[in-house]
Amino acid sequence: MNATQAKRYTDLNSHLKERFGKRVQKLTVDAGFTCPNRDGHTGTGGCIFCNEKGSGNGAHLLGTSVSEQIRQGRLALFKRYKAKLFLVYFQAYSNTYAPVERLKALYDEALAFDDVVGLAIGTRPDCVDEEKLALLDAYSKEKLVWIEYGLQSAHDTTLAAINRGHDVACFKEAMALTRKIAPEVKICAHIILGLPGETREMMLEGARLLADLGVDGIKLHLLYVVKDTPLDTLYLNGDYTCMEEDDYVETVCDFLELLPPEMVIQRLTGDPHRDELRAPQWPLKKGTTLARIQATLESRGTCQGSRYIKPEHA
Ligand code: SF4
């Protein structure tokens, strides 16, 4: 039994090890982008769960260049995991939201390191066009390139309620354009479980949608409440209830069972910052949640893909 089978799902580390023959570690950088849902282009308030940092670590604000962040990151990751190869992850805000010349300069800066095997670029589906995807296509001939689109929900009503500023159709269009212009670029979708008003069945429709569309990878997140966000106000007023860990674990297992076995599972829960987190507290023990997901799949005797139905068009 290999590591992937042991885990009962196709995890990113095993996938990368299979491709590169050794451990590859994701190295997160903050390149100082912004977001159209904050700067007024699409909206100003941002998604209701997002704080001013937009998932960033603030390194750019401290004046640390991408190169310097990579130098510091690879030292830390070597110390912690003995990793010698890296996938540079442009995470904060929307990392294709800039003129293509600026994107090229930043991506080139990351790829200039010999031990950087590729890029992972987090963005919104309304922040790509043919020119930007052509740039990624060019990189993908030599390097591994993942583009990570935040979809978050399969329901337009939810996307409107969380002030996302795009709909499901926008995600589908971005995906189709990526496949057309940059066929070697791998597509990862982000989904949040526990969004306001969503039942488990509504969340699982996200699994069916992504399985049907054939995305290459997925990141699942729990919706947790970050202090001083619109969601925080809802929570403090009693208008939002957080998902319990039991419910989350069962929902993730259901979700995994509906996905194709080869889809790369890049994340099964989030990493809240302790000092920014209002509620719930259980996501701070990520290892416990991951172990419970594994144990639940084992007790069910199922794995990723157990209930996957291949679409007729596939
Ligand atoms: S798209 Fe991302 S960065 Fe922008 S407001 Fe939403 S979560 Fe924050």
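Scroll up to find the structure this text is about.
On a predicted model such as this, the values are computed, not experimentally measured, just so you know.

### So, the packing of aromatic side chains
Following the criterion strictly, the structure yields 4 aromatic pairs and no others. For the ring pair tyrosine 107 and tyrosine 139, a centre distance of 6.1 Å and an interplane angle of 75 degrees mean the geometry is edge-to-face. Taken together, the residues span a long stretch of sequence, with tyrosine 107 in helix α4 (residues 100-111) and tyrosine 139 in helix α5 (residues 130-140) at a distance of 32 residues. Owing to a relative accessible area of 11%, tyrosine 139 belongs among the buried residues under this scheme. Put simply, the rings of Phe90, Tyr107 and Tyr139 pair up and form one aromatic cluster. Across from the ring centre of tyrosine 89, 4.3 Å away, lies the NZ or CZ of lysine 26, which sits over that ring. Above the plane of the ring of phenylalanine 33 lies arginine 102, whose end atom (NZ or CZ) is 4.9 Å from the centre.

### Section: the site of the ligand
The environment of the ligand is formed by Cys35, Arg38, Gly46, Cys47, Phe49, Cys50, Tyr93, Arg124 and Arg164. Here the shell around the ligand is composed, by residue class, of 5 nonpolar, 1 polar and 3 charged.

### Some thoughts on the sheet that holds strand β4 (residues 144-152)
Spatial ordering of the open sheet is given by β1-β2-β3-β4-β5-β6-β8, a layout of 7 strands whose pairing is parallel. Sheet topology places β1 (24-29) and β8 (264-267) at the edges, where each strand pairs with a single neighbour. Going from strand to strand, the sheet's axes swing by 25 degrees on average, the running direction of each strand aside. Direction of pairing for strand β2 (residues 85-90) relative to strand β3 (residues 116-123): parallel, over a ladder of 5 bridges. Its bridge partner being in β3, leucine 87 is matched across the sheet by glycine 118. Across the face of the sheet, helix α10 (residues 245-258) comes into contact with β5 (186-193), β6 (217-222) and β8 while running at roughly 165 degrees to β6.

### Some details on the pairing of β4
Burial analysis of β4 places 9 of its 9 residues in the buried class, the great majority of the element. With respect to chirality, the unit in which β3 leads through α5 into the neighbouring parallel β4 is right-handed. With 6 bridges connecting them, β4 and β5 associate as parallel partners. Across the sheet, tyrosine 149 pairs through a bridge with alanine 189, a residue of β5.

### A closer look at unusual backbone geometry
One can expect most non-glycine residues to show negative phi and most peptide bonds to be in trans. For the peptide bond that leads from alanine 279 to proline 280, omega is -10 degrees, which places it in the cis range. The phi dihedral of asparagine 163 falls on the positive side, at around 60 degrees, and the residue is not glycine. Take asparagine 163: it is sitting in the loop between α6 (156-161) and α7 (168-181). Of the residues examined, asparagine 163 reaches a relative accessible area of 33% and is grouped as partly exposed. Positive phi, normally seen in glycine, also occurs at aspartate 228, with a value near 60 degrees. Position of aspartate 228 among the secondary structure elements: in the loop between β7 (225-226) and α9 (230-236). Owing to a relative accessible area of 72%, aspartate 228 belongs among the exposed residues under this scheme.

The rules behind the values
Residues numbered from 1 in each chain as written. Predicted model: local features only at pLDDT ≥ 70, side-chain atom pairs only at ≥ 80, totals over all residues. Heavy atoms only, no water. Phe/Tyr/Trp six-rings, centres within 6.5 Å; stacked < 30°, edge-to-face > 60°. Helix = DSSP H or I, 4+ residues; strand = E, 2+ residues; numbered from the N terminus. Buried < 20%, exposed > 50% of the residue type's maximum accessible area, 1.4 Å probe, protein only. Lys NZ or Arg CZ within 6 Å of the ring centre and 35° of its normal. Near = heavy atom within 4 Å. Nonpolar A, V, L, I, M, F, W, Y, C, P; charged D, E, K, R; others polar. Pairing = 2+ DSSP bridges. Axes fitted to C-alpha atoms, helices over the stretch in contact; angles between N-to-C directions. Contact = heavy atoms within 4.5 Å. Right-handed = clockwise from strand over helix to strand, strands pointing away.

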